[in-house]
Amino acid sequence: MIMRDRTFQMTSSLFKGKGRQFILGLCLGLSVSLLLQTHRHLTLKQAMVKSPAIRLEMSENSNQIIHGEINSYKDEDDGEGGGDVMHGWMDKHAGGDGRVHEFEDEHVHHDDDSIAQDLYKRVRVLCWILTSPTNLKKKTIHVKKTWARRCNVQLFMSSEKDDSFPTIGLNVSEGREHLTAKTMQAFQYIYQHHYHDAEWFMKADDDTYVILENLRYFLSDEDPQDPVYFGHRFKPFLKQGYSSGGGGYVLSKEALRRYGQIGSLDPKLCATDKGAEDVQMGKCMQNLGVKLKPTVDVLRRTRFHCFSPEGMINARFPAWFYKYDSEGGRGGMENISDYAISFHYVSPDKMYFLEFYTYHLHAYGIQHKPQQLNNH
(Lines give C-alpha, C1' and ligand atoms only; values in the text may rest on other atoms or scores of the structure.)
Protein backbone atom coordinates (compact mmCIF):
# COMPACT_ATOMS: atom_id res chain seq x y z
CA MET A 1 0.00 0.00 0.00
CA ILE A 2 2.87 2.35 0.94
CA MET A 3 4.69 1.35 -2.26
CA ARG A 4 1.61 2.21 -4.36
CA ASP A 5 1.34 5.64 -2.71
CA ARG A 6 4.99 6.42 -3.43
CA THR A 7 4.62 5.27 -7.05
CA PHE A 8 1.53 7.48 -7.48
CA GLN A 9 3.33 10.48 -5.98
CA MET A 10 6.34 10.02 -8.33
CA THR A 11 4.09 9.63 -11.38
CA SER A 12 2.05 12.67 -10.43
CA SER A 13 5.19 14.75 -9.91
CA LEU A 14 6.59 13.66 -13.29
CA PHE A 15 3.30 14.44 -15.01
CA LYS A 16 3.18 17.88 -13.45
CA GLY A 17 6.74 18.58 -14.64
CA LYS A 18 5.98 17.58 -18.25
CA GLY A 19 2.72 19.47 -18.10
CA ARG A 20 4.52 22.61 -17.12
CA GLN A 21 6.97 22.11 -20.02
CA PHE A 22 4.09 21.55 -22.42
CA ILE A 23 2.26 24.68 -21.27
CA LEU A 24 5.49 26.72 -21.38
CA GLY A 25 6.21 25.52 -24.94
CA LEU A 26 2.67 26.27 -26.04
CA CYS A 27 2.82 29.79 -24.66
CA LEU A 28 6.21 30.37 -26.30
CA GLY A 29 4.88 29.16 -29.67
CA LEU A 30 1.82 31.39 -29.48
CA SER A 31 4.00 34.39 -28.57
CA VAL A 32 6.30 33.84 -31.57
CA SER A 33 3.29 33.43 -33.86
CA LEU A 34 1.75 36.64 -32.52
CA LEU A 35 4.99 38.55 -33.05
CA LEU A 36 5.28 37.31 -36.65
CA GLN A 37 1.65 38.21 -37.37
CA THR A 38 2.16 41.70 -35.90
CA HIS A 39 5.32 42.19 -37.98
CA ARG A 40 3.42 41.10 -41.11
CA HIS A 41 0.65 43.64 -40.53
CA LEU A 42 3.14 46.43 -39.75
CA THR A 43 5.03 45.65 -42.96
CA LEU A 44 1.77 45.70 -44.92
CA LYS A 45 0.81 49.07 -43.41
CA GLN A 46 4.20 50.49 -44.26
CA ALA A 47 3.79 49.31 -47.86
CA MET A 48 0.38 50.94 -48.06
CA VAL A 49 1.78 54.21 -46.71
CA LYS A 50 4.52 54.15 -49.33
CA SER A 51 2.04 53.23 -52.09
CA PRO A 52 -1.23 55.02 -51.29
CA ALA A 53 -2.66 54.18 -54.71
CA ILE A 54 -2.86 50.51 -53.76
CA ARG A 55 -6.20 49.49 -52.31
CA LEU A 56 -6.25 46.06 -50.73
CA GLU A 57 -9.55 44.27 -50.87
CA MET A 58 -10.26 41.64 -48.22
CA SER A 59 -12.35 38.54 -48.66
CA GLU A 60 -15.73 38.78 -46.94
CA ASN A 61 -15.24 35.42 -45.23
CA SER A 62 -11.56 35.54 -44.26
CA ASN A 63 -8.62 37.81 -43.55
CA GLN A 64 -6.70 36.59 -46.57
CA ILE A 65 -5.72 39.26 -49.08
CA ILE A 66 -7.22 38.20 -52.40
CA HIS A 67 -6.19 41.03 -54.68
CA GLY A 68 -5.24 44.67 -54.94
CA GLU A 69 -5.89 47.43 -57.37
CA ILE A 70 -3.82 50.33 -58.55
CA ASN A 71 -6.52 52.95 -58.80
CA SER A 72 -4.43 55.31 -60.90
CA TYR A 73 -1.19 54.52 -62.63
CA LYS A 74 0.79 57.71 -62.26
CA ASP A 75 4.19 58.30 -63.74
CA GLU A 76 6.29 61.41 -63.85
CA ASP A 77 4.42 62.66 -66.90
CA ASP A 78 0.83 62.06 -65.85
CA GLY A 79 -1.77 59.41 -66.42
CA GLU A 80 -4.41 57.09 -65.17
CA GLY A 81 -4.66 53.39 -65.69
CA GLY A 82 -5.13 50.12 -63.93
CA GLY A 83 -3.25 47.11 -62.69
CA ASP A 84 -2.74 45.02 -59.58
CA VAL A 85 -0.21 44.33 -56.86
CA MET A 86 1.54 41.59 -58.85
CA HIS A 87 1.85 43.90 -61.86
CA GLY A 88 3.45 46.51 -59.62
CA TRP A 89 5.94 43.91 -58.42
CA MET A 90 6.65 42.88 -62.00
CA ASP A 91 7.25 46.49 -63.03
CA LYS A 92 9.85 46.76 -60.28
CA HIS A 93 11.64 43.45 -60.79
CA ALA A 94 11.08 42.05 -64.30
CA GLY A 95 13.63 43.81 -66.46
CA GLY A 96 12.72 47.15 -64.97
CA ASP A 97 16.15 48.56 -65.70
CA GLY A 98 15.11 49.87 -69.11
CA ARG A 99 16.79 47.09 -71.07
CA VAL A 100 15.94 46.73 -74.74
CA HIS A 101 14.76 43.18 -75.42
CA GLU A 102 15.32 41.58 -78.80
CA PHE A 103 13.08 38.85 -80.23
CA GLU A 104 15.09 36.66 -82.61
CA ASP A 105 12.96 33.53 -82.99
CA GLU A 106 11.39 34.22 -86.38
CA HIS A 107 13.34 31.29 -87.85
CA VAL A 108 11.16 28.82 -85.93
CA HIS A 109 7.89 30.55 -86.73
CA HIS A 110 5.79 29.24 -89.59
CA ASP A 111 2.99 31.79 -89.42
CA ASP A 112 1.07 32.68 -92.56
CA ASP A 113 1.17 36.49 -92.52
CA SER A 114 0.20 36.96 -96.16
CA ILE A 115 -3.00 38.86 -95.28
CA ALA A 116 -1.10 41.19 -92.96
CA GLN A 117 1.59 41.74 -95.58
CA ASP A 118 -1.02 42.56 -98.20
CA LEU A 119 -2.62 45.12 -95.88
CA TYR A 120 0.82 46.57 -95.13
CA LYS A 121 1.14 47.41 -98.83
CA ARG A 122 -2.44 48.56 -99.41
CA VAL A 123 -3.20 50.43 -96.16
CA ARG A 124 -0.16 52.59 -95.51
CA VAL A 125 0.05 54.08 -92.02
CA LEU A 126 2.42 56.79 -90.90
CA CYS A 127 2.90 56.75 -87.12
CA TRP A 128 4.25 59.73 -85.27
CA ILE A 129 5.09 59.44 -81.59
CA LEU A 130 4.91 62.44 -79.30
CA THR A 131 7.91 62.38 -76.96
CA SER A 132 10.50 64.53 -75.19
CA PRO A 133 14.30 64.57 -74.82
CA THR A 134 14.15 63.11 -71.31
CA ASN A 135 11.98 60.20 -72.39
CA LEU A 136 14.02 58.92 -75.33
CA LYS A 137 16.06 56.38 -73.39
CA LYS A 138 13.42 55.69 -70.73
CA LYS A 139 10.34 55.16 -72.89
CA THR A 140 10.61 56.01 -76.55
CA ILE A 141 13.37 53.55 -77.41
CA HIS A 142 11.02 50.73 -76.37
CA VAL A 143 8.28 52.03 -78.67
CA LYS A 144 10.83 52.10 -81.47
CA LYS A 145 11.95 48.52 -80.75
CA THR A 146 8.42 47.09 -80.54
CA TRP A 147 5.24 48.14 -82.30
CA ALA A 148 6.55 51.19 -84.23
CA ARG A 149 8.63 48.86 -86.45
CA ARG A 150 5.39 47.79 -88.15
CA CYS A 151 4.41 51.29 -89.28
CA ASN A 152 5.05 52.13 -92.92
CA VAL A 153 6.67 55.33 -91.69
CA GLN A 154 7.67 56.10 -88.11
CA LEU A 155 8.52 59.60 -86.86
CA PHE A 156 9.42 60.75 -83.36
CA MET A 157 8.45 64.33 -82.55
CA SER A 158 10.25 66.21 -79.78
CA SER A 159 11.20 69.72 -78.81
CA GLU A 160 14.82 69.00 -79.72
CA LYS A 161 16.37 67.41 -82.77
CA ASP A 162 18.39 64.25 -82.13
CA ASP A 163 20.06 62.81 -85.22
CA SER A 164 21.19 59.62 -83.46
CA PHE A 165 17.71 58.47 -82.43
CA PRO A 166 16.47 60.19 -84.64
CA THR A 167 13.88 62.75 -83.52
CA ILE A 168 12.42 65.74 -85.31
CA GLY A 169 12.88 68.95 -83.36
CA LEU A 170 9.81 71.16 -83.37
CA ASN A 171 9.86 74.86 -82.56
CA VAL A 172 8.01 74.47 -79.28
CA SER A 173 8.77 74.61 -75.56
CA GLU A 174 8.69 71.36 -73.62
CA GLY A 175 5.96 70.64 -71.07
CA ARG A 176 2.38 69.43 -70.88
CA GLU A 177 1.07 72.97 -71.31
CA HIS A 178 2.55 72.97 -74.82
CA LEU A 179 1.29 69.59 -76.05
CA THR A 180 -1.21 71.34 -78.30
CA ALA A 181 1.57 73.30 -80.03
CA LYS A 182 3.68 70.17 -80.40
CA THR A 183 0.77 68.22 -81.91
CA MET A 184 -0.29 70.96 -84.32
CA GLN A 185 3.28 71.53 -85.50
CA ALA A 186 3.84 67.80 -85.89
CA PHE A 187 0.85 67.43 -88.21
CA GLN A 188 1.97 70.49 -90.17
CA TYR A 189 5.44 68.99 -90.58
CA ILE A 190 3.92 65.70 -91.76
CA TYR A 191 1.68 67.49 -94.25
CA GLN A 192 4.66 69.36 -95.67
CA HIS A 193 7.12 66.44 -95.79
CA HIS A 194 5.21 63.11 -95.76
CA TYR A 195 1.76 63.73 -97.21
CA HIS A 196 2.35 61.31 -100.08
CA ASP A 197 3.98 58.59 -97.96
CA ALA A 198 0.77 57.19 -96.46
CA GLU A 199 -3.01 57.21 -96.58
CA TRP A 200 -3.49 57.31 -92.80
CA PHE A 201 -1.64 59.33 -90.15
CA MET A 202 -1.61 58.17 -86.51
CA LYS A 203 -0.58 60.16 -83.47
CA ALA A 204 0.47 58.19 -80.36
CA ASP A 205 2.25 58.88 -77.08
CA ASP A 206 5.48 57.26 -75.93
CA ASP A 207 3.46 55.04 -73.56
CA THR A 208 0.91 53.95 -76.16
CA TYR A 209 0.99 50.42 -77.61
CA VAL A 210 -0.53 49.84 -81.06
CA ILE A 211 -1.27 46.60 -82.92
CA LEU A 212 -0.77 47.78 -86.49
CA GLU A 213 -2.24 44.69 -88.15
CA ASN A 214 -5.56 45.31 -86.39
CA LEU A 215 -5.44 49.01 -87.24
CA ARG A 216 -4.91 48.27 -90.93
CA TYR A 217 -7.76 45.74 -90.92
CA PHE A 218 -10.08 48.35 -89.38
CA LEU A 219 -8.98 51.02 -91.87
CA SER A 220 -9.25 48.66 -94.85
CA ASP A 221 -13.00 49.33 -95.03
CA GLU A 222 -12.57 53.11 -94.76
CA ASP A 223 -11.81 55.63 -97.50
CA PRO A 224 -8.76 57.87 -96.82
CA GLN A 225 -10.28 60.48 -99.14
CA ASP A 226 -13.15 60.98 -96.68
CA PRO A 227 -12.72 63.72 -94.05
CA VAL A 228 -12.67 61.40 -91.03
CA TYR A 229 -10.61 60.54 -87.98
CA PHE A 230 -10.74 57.72 -85.42
CA GLY A 231 -9.82 57.02 -81.79
CA HIS A 232 -11.23 56.39 -78.32
CA ARG A 233 -14.18 58.78 -78.39
CA PHE A 234 -14.98 61.02 -75.43
CA LYS A 235 -18.33 62.86 -75.28
CA PRO A 236 -17.85 66.22 -73.47
CA PHE A 237 -17.06 69.71 -74.75
CA LEU A 238 -17.78 69.21 -78.45
CA LYS A 239 -20.88 68.30 -80.43
CA GLN A 240 -19.27 65.24 -82.00
CA GLY A 241 -16.94 64.62 -79.07
CA TYR A 242 -13.21 64.16 -79.46
CA SER A 243 -10.63 61.40 -79.41
CA SER A 244 -8.54 60.65 -76.34
CA GLY A 245 -4.95 61.64 -77.03
CA GLY A 246 -3.32 58.85 -75.05
CA GLY A 247 -5.12 56.03 -76.81
CA GLY A 248 -3.92 57.41 -80.13
CA TYR A 249 -5.97 58.76 -83.03
CA VAL A 250 -5.78 58.44 -86.80
CA LEU A 251 -6.41 61.11 -89.43
CA SER A 252 -7.35 60.30 -93.00
CA LYS A 253 -5.42 61.80 -95.89
CA GLU A 254 -8.24 64.26 -96.49
CA ALA A 255 -8.34 65.26 -92.81
CA LEU A 256 -4.60 65.95 -92.91
CA ARG A 257 -4.99 67.95 -96.13
CA ARG A 258 -7.69 70.14 -94.59
CA TYR A 259 -5.52 70.80 -91.58
CA GLY A 260 -2.37 71.47 -93.62
CA GLN A 261 -4.03 73.78 -96.12
CA ILE A 262 -6.67 75.47 -93.97
CA GLY A 263 -6.53 74.76 -90.23
CA SER A 264 -2.84 75.38 -89.69
CA LEU A 265 -3.22 78.85 -91.22
CA ASP A 266 -6.21 79.98 -89.14
CA PRO A 267 -5.90 79.99 -85.32
CA LYS A 268 -9.66 80.61 -85.07
CA LEU A 269 -10.20 77.15 -86.54
CA CYS A 270 -7.26 75.34 -84.97
CA ALA A 271 -5.49 76.53 -81.84
CA THR A 272 -1.75 77.00 -82.03
CA ASP A 273 -1.11 76.21 -78.34
CA LYS A 274 -2.60 75.95 -74.85
CA GLY A 275 -5.55 73.89 -73.72
CA ALA A 276 -5.88 70.12 -73.63
CA GLU A 277 -4.22 68.74 -76.75
CA ASP A 278 -6.86 66.11 -77.57
CA VAL A 279 -9.76 68.52 -77.01
CA GLN A 280 -8.11 71.19 -79.16
CA MET A 281 -7.45 68.71 -81.95
CA GLY A 282 -11.06 67.55 -81.71
CA LYS A 283 -12.24 71.16 -81.99
CA CYS A 284 -9.94 71.69 -84.95
CA MET A 285 -11.27 68.61 -86.75
CA GLN A 286 -14.88 69.59 -86.06
CA ASN A 287 -14.27 73.12 -87.38
CA LEU A 288 -12.75 71.66 -90.55
CA GLY A 289 -15.73 69.36 -91.14
CA VAL A 290 -13.78 66.21 -90.25
CA LYS A 291 -16.05 63.58 -88.74
CA LEU A 292 -15.12 61.53 -85.68
CA LYS A 293 -16.47 58.09 -86.56
CA PRO A 294 -17.18 55.15 -84.22
CA THR A 295 -14.55 52.45 -83.89
CA VAL A 296 -16.34 49.63 -82.06
CA ASP A 297 -16.48 46.30 -83.88
CA VAL A 298 -19.59 44.53 -85.15
CA LEU A 299 -20.17 43.14 -81.64
CA ARG A 300 -19.85 46.66 -80.16
CA ARG A 301 -16.56 45.82 -78.51
CA THR A 302 -13.94 48.54 -78.14
CA ARG A 303 -10.74 48.83 -80.21
CA PHE A 304 -9.00 52.07 -79.13
CA HIS A 305 -8.34 52.34 -75.39
CA CYS A 306 -7.17 55.19 -73.16
CA PHE A 307 -6.12 52.72 -70.44
CA SER A 308 -3.77 49.74 -70.28
CA PRO A 309 -4.97 46.19 -71.10
CA GLU A 310 -5.23 45.24 -67.42
CA GLY A 311 -6.99 48.51 -66.67
CA MET A 312 -9.61 47.77 -69.33
CA ILE A 313 -10.01 44.15 -68.21
CA ASN A 314 -10.29 44.97 -64.49
CA ALA A 315 -12.78 47.72 -65.38
CA ARG A 316 -12.35 49.60 -62.11
CA PHE A 317 -12.43 53.01 -63.74
CA PRO A 318 -12.27 56.47 -62.15
CA ALA A 319 -15.60 58.25 -61.90
CA TRP A 320 -14.84 60.75 -64.66
CA PHE A 321 -14.43 57.98 -67.23
CA TYR A 322 -18.09 56.95 -67.07
CA LYS A 323 -19.09 60.53 -67.91
CA TYR A 324 -16.58 60.89 -70.74
CA ASP A 325 -16.60 57.54 -72.51
CA SER A 326 -18.96 57.32 -75.48
CA GLU A 327 -19.61 53.63 -74.74
CA GLY A 328 -20.66 54.23 -71.15
CA GLY A 329 -17.46 53.03 -69.52
CA ARG A 330 -17.77 49.38 -70.46
CA GLY A 331 -14.81 47.17 -69.59
CA GLY A 332 -13.96 43.52 -69.08
CA MET A 333 -12.70 40.97 -71.59
CA GLU A 334 -16.16 40.54 -73.06
CA ASN A 335 -16.19 44.20 -74.17
CA ILE A 336 -12.71 44.37 -75.73
CA SER A 337 -12.45 43.47 -79.40
CA ASP A 338 -10.40 40.47 -80.46
CA TYR A 339 -8.89 42.94 -82.90
CA ALA A 340 -8.09 45.64 -80.35
CA ILE A 341 -5.92 48.41 -81.78
CA SER A 342 -4.39 50.49 -78.99
CA PHE A 343 -3.77 50.75 -75.25
CA HIS A 344 -2.38 53.58 -73.15
CA TYR A 345 -0.21 53.85 -70.01
CA VAL A 346 1.91 50.91 -71.11
CA SER A 347 5.23 50.86 -69.27
CA PRO A 348 8.45 49.90 -71.12
CA ASP A 349 8.40 46.38 -69.66
CA LYS A 350 4.79 45.88 -70.67
CA MET A 351 5.66 46.88 -74.24
CA TYR A 352 7.67 43.66 -74.44
CA PHE A 353 5.03 41.67 -72.57
CA LEU A 354 2.48 42.71 -75.21
CA GLU A 355 4.93 41.92 -78.00
CA PHE A 356 5.31 38.42 -76.61
CA TYR A 357 1.63 37.80 -75.99
CA THR A 358 0.58 39.17 -79.40
CA TYR A 359 3.26 37.84 -81.74
CA HIS A 360 4.98 34.91 -80.01
CA LEU A 361 2.71 33.07 -77.56
CA HIS A 362 0.47 30.46 -79.20
CA ALA A 363 -1.63 27.55 -78.00
CA TYR A 364 -0.38 24.50 -79.90
CA GLY A 365 -2.86 22.97 -82.32
CA ILE A 366 -5.13 26.01 -82.52
CA GLN A 367 -5.13 27.91 -85.78
CA HIS A 368 -6.96 31.21 -85.74
CA LYS A 369 -8.83 32.11 -88.91
CA PRO A 370 -9.56 35.77 -89.72
CA GLN A 371 -12.80 37.13 -88.27
CA GLN A 372 -15.00 39.65 -90.02
CA LEU A 373 -15.49 42.22 -87.27
CA ASN A 374 -15.72 45.50 -89.22
CA ASN A 375 -19.04 47.31 -89.47
CA HIS A 376 -19.96 47.47 -93.15
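Here, every reference points to the structure presented above.
What you see is a predicted model; the values in this text were computed from it and never measured. (Residues numbered from 1 in each chain as written. Predicted model: local features only at pLDDT ≥ 70, side-chain atom pairs only at ≥ 80, totals over all residues. Heavy atoms only, no water.)

Further remarks concern the state of the cysteines. Scanning the entire structure with this criterion turns up two disulfides. Disulfide partner of Cys127: Cys151, at an S-S distance of 2.1 Å. One quick way to see it: the torsion about the S-S bond of Cys127 and Cys151 is about -95 degrees, and its sign makes the bridge left-handed. Taken together, the residues Cys127 in strand E3 (residues 125–130) and Cys151 in the loop between helix H4 (136–145) and strand E4 (153–158) connect sequence positions 24 residues apart. Like Cys151, Cys127 is buried. (Disulfide = S-S within 2.5 Å. Helix = DSSP H or I, 4+ residues; strand = E, 2+ residues; numbered from the N terminus. Buried < 20%, exposed > 50% of the residue type's maximum accessible area, 1.4 Å probe, protein only.)

Turning our attention to H4. For H4, the full list of buried residues reads Leu136, Lys139, Thr140, Ile141, His142 and Val143. Buried-residue contacts for H4 involve E3, E4 and helix H11 (348–359). (Contact = heavy atoms within 4.5 Å.)

If you trace the backbone, Lys137 turns up in helix H4. Here the alpha-carbon distance between Lys137 and Arg99, two residues 38 residues apart in the chain, equals 9.6 Å.

Attention shifts here to helix H5 (residues 179–194). Because the α-helix completes a turn every 3.6 residues, residues three or four places apart line up on one side. Along its 16 residues, H5 runs 21 Å from first to last C-alpha, staying within 8% of the 22 Å computed at 1.5 Å per residue. For H5, the tally of buried residues reaches 12 of 16 residues, placing the bulk of the element in the interior. Among all positions in H5, only Leu179, Thr180, Ala181, Lys182, Thr183, Met184, Ala186, Phe187, Gln188, Ile190, Tyr191 and His194 are buried. Looking at the buried positions of H5, the neighbouring elements they touch are E3, E4, strand E6 (200–205), strand E11 (249–252), helix H7 (253–261) and helix H8 (277–287). (Expected span 1.5 Å × (residues − 1).)

With that settled, the discussion passes to the environment of Tyr120. Position of Tyr120 among the secondary structure elements: in helix H3 (residues 114–122). Since its relative accessible area comes to 32%, Tyr120 is described here as partly exposed. Separated by 30 residues in the primary sequence, Tyr120 and Arg150 have C-alpha atoms spaced 8.4 Å apart. Once you skip the residues sitting within four places of it in the chain, Tyr120 turns out to touch Arg150, Cys151, Asn152 and Arg216.

Moving on, we come to the sheet that holds E4. Taken in spatial order, the seven strands line up as E5-E4-E3-E6-E11-E8-E12 in an open sheet, and their pairing is mixed. Here the strands that pair on one side only, and so sit at the sheet edges, are strand E5 (168–169) and strand E12 (291–292). Relative to E11, strand E8 (residues 228–231) runs antiparallel, the two sharing three bridges. Note on E11: the bridge partner recorded for Phe230 is Val250. On the sheet, H4 packs against E3 and E4 and is oriented at approximately 170 degrees with respect to E4. Lying on the sheet, H5 is in contact with E3, E4, E5, E6 and E11; it crosses E3 at an angle near 150 degrees. (Pairing = 2+ DSSP bridges. Axes fitted to C-alpha atoms, helices over the stretch in contact; angles between N-to-C directions.)

This part covers the pattern of salt bridges. Applying the stated rule across the entire model yields 17 salt bridges. In this structure, Asp297 and Arg301 form a salt bridge, with 3.1 Å as the shortest nitrogen-oxygen distance. A salt bridge links Glu327 to Arg330; the shortest N-O distance between them is 2.9 Å. Judged by its relative accessible area of 18%, Glu327 is buried. (Salt bridge = Lys/Arg side-chain N within 4 Å of Asp/Glu carboxyl O.)

In a packed pair of helices, the relevant descriptors are the angle between the two axes and the axis-to-axis distance. Between H5 and H8, the shortest axis-to-axis distance is 8 Å and the interhelical angle comes to 45 degrees. Looking at the two axes, H5 sits oblique to H8. The chirality of how H5 crosses H8 is right-handed. Where H5 abuts H8, its residues Leu179, Thr180, Thr183, Met184 and Phe187 lie against Glu277, Gln280, Met281 and Cys284. (Parallel < 35°, antiparallel > 145°, perpendicular 65-115°, else oblique. Left-handed = near helix turned anticlockwise from the far one by under 90°.)

Note on placement: Asp297 falls in the loop between E12 and helix H9 (309–314). Judged by relative accessible area, which is 1%, Asp297 ranks as buried. There is a polar contact of 2.8 Å between the side chain of Asp297 and the backbone nitrogen of Leu299. (Polar contact = N/O pair within 3.5 Å; in protein donor to acceptor, adjacent residues only side chain to side chain.)

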